[in-house]
Amino acid sequence: MFALVDCNSFFCSVEKVFHPGLEGKPVVVLSSNDGCIIALTQEAKAVGLHRGDPLFKVEGIVNHYGVKVFSTNMVLYAAMSKRVTNILRKTIHHVENYSIDESFCDLRGYDTHFDLMRGVKDRIKLWTDIPVSIGIAPSKTLAKMGSKFAKKYSGYNGVCMIDTDEKRRKALELFDLADVWGIGRRTLETLNYYGISTPLEFAEKSETWVKSHFHKPGQQTWLELNGIPCVDTTEVKRNQNICTSRSFGEMVSDLPSLKASVATFASSCANKLRGQGSVCKSVTVFIGSNRFREDLQQYGNAASTSFVTATSDTMEIVSAALRCLESIYYPGIMYKRSGVMVGD
């Protein structure tokens, strides 16, 4: 079994921790240039705001409802992400940071999965004041789905476990096909073309049919929906370097999304450094477009920086990685991958 721990409205939740009195009030966080909303609370959604809204277009709503607005503070968010990860690792041996606000936990070898993760949820809330939603399931895709149910329906009290075939089928029947982890725009178009409108309909297709219509990523998603784990999200360690990188489920073009991924990877590298009792003197960041999409403009680049004194400090490494990213980011590109490597 795997668990996916997802911090609710993470950027906003962090700001609320450091600015008491905002509980129950609409809160939004803006992109690095304060242009668009990139994170918002349920209360902000309730007054008509949406992720991606340009601030100048919704100033009337913001002023009328007294919405609290914050600029992005990625270093602060990475530091809080580290605290949440440390709490997870005090309880669970194998924890993988998937994004700045999401971590997978390998629950193999543990009993009473539900009680274990309920305790983790309560501990994170008590020690950091960050609310989390947790999904538990036999595959990472199903666990991610479970976390969405836990976030959407208060009856789960923050933890949704999909541990029987009946629960799996029910979840697949109710979940939006477009929101399934691993199903991008082109895969969705193909599925809809063949009359598939729910994850359950996709999961019930034969293996022969899936192999004849999809490449490896689509086949892996099909297996995961059937409770067979096959998606590898582990970090890669290489000799004197530690590298954390990942392809995005859907391509991104905006700098804030890339910053979120790079901050997560840099924080993960710092955690690995401390875990093996080492330090680094260099940080390299690389980004790239989807080389399989010949219809899109191609771009890839990398940048490195060095420290005067070797370090394993999360804030130092994240700050350096973000500076590297800003130096190589090129607008208008649909990025498929990013990564961070610490060396020396």
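Right above here is the structure, for reference.
These numbers were taken from a predicted model, which means no experiment stands behind them. (Residues numbered from 1 in each chain as written. Predicted model: local features only at pLDDT ≥ 70, side-chain atom pairs only at ≥ 80, totals over all residues. Heavy atoms only, no water.)

**Student:** Any details on the overall build of the protein? Residues and values, ideally.
**Tutor:** Check the secondary structure of the protein and you find 13 helices and 13 strands. C-alpha extents for the protein along the principal axes are approximately 55 × 50 × 45 Å. By the burial criterion, 50% of the 344 residues in the protein qualify as buried. Considering only residue pairs separated by 6 or more positions, the protein has 67% of its internal contacts joining residues 24 or more positions apart. For the protein, the accessible area works out to roughly 16600 Å², and carbon and sulfur atoms hold 50% of it. Distance between charge centres in the protein, computed from 41 positive and 36 negative side chains, equals 3 Å. (Helix = DSSP H or I, 4+ residues; strand = E, 2+ residues; numbered from the N terminus. Buried < 20%, exposed > 50% of the residue type's maximum accessible area, 1.4 Å probe, protein only. Contact = heavy atoms within 4.5 Å. Areas by Shrake-Rupley, 256 points an atom, 1.4 Å probe, with all protein chains shown as cover. Lys, Arg positive; Asp, Glu negative; His and termini not counted. Charge placed at Lys NZ, Arg CZ, Asp CG, Glu CD.)

**Student:** Give a detailed account of helix α13 (residues 314-328), specifying residues and quantitative values.
**Tutor:** End to end, α13 covers 21 Å across 15 residues, agreeing with the expected 21 Å (1.5 Å per residue, within 8%). Along α13, the residues classified as buried are Thr314, Ile317, Val318, Ala320, Ala321, Leu322, Cys324, Leu325 and Ile328. The opening residue of α13 is Asp313, an N-cap whose side-chain oxygen sits 3.1 Å from the backbone nitrogen of Met315. (Expected span 1.5 Å × (residues − 1). Polar contact = N/O pair within 3.5 Å; in protein donor to acceptor, adjacent residues only side chain to side chain.)

**Student:** How would you summarise the sheet that holds strand β6 (residues 102-106) if you had to cite specific residues and measurements?
**Tutor:** Pairing is mixed across the open sheet formed by 5 strands, whose spatial order is β5-β6-β1-β7-β8. Whereas interior strands pair on both sides, the edge strands pair on one side only; in this sheet they are β5 (95-99) and β8 (159-161). Taken over all neighbouring pairs, the strand axes of this sheet differ in orientation by 20° on average, direction set aside. Here β5 pairs with β6 via 4 bridges, running antiparallel. Across the sheet, residue Glu96 finds its bridge partner in β6, namely Phe104. (Pairing = 2+ DSSP bridges. Axes fitted to C-alpha atoms, helices over the stretch in contact; angles between N-to-C directions.)

The quantities given are spatial measurements derived from coordinates; they are silent on function.
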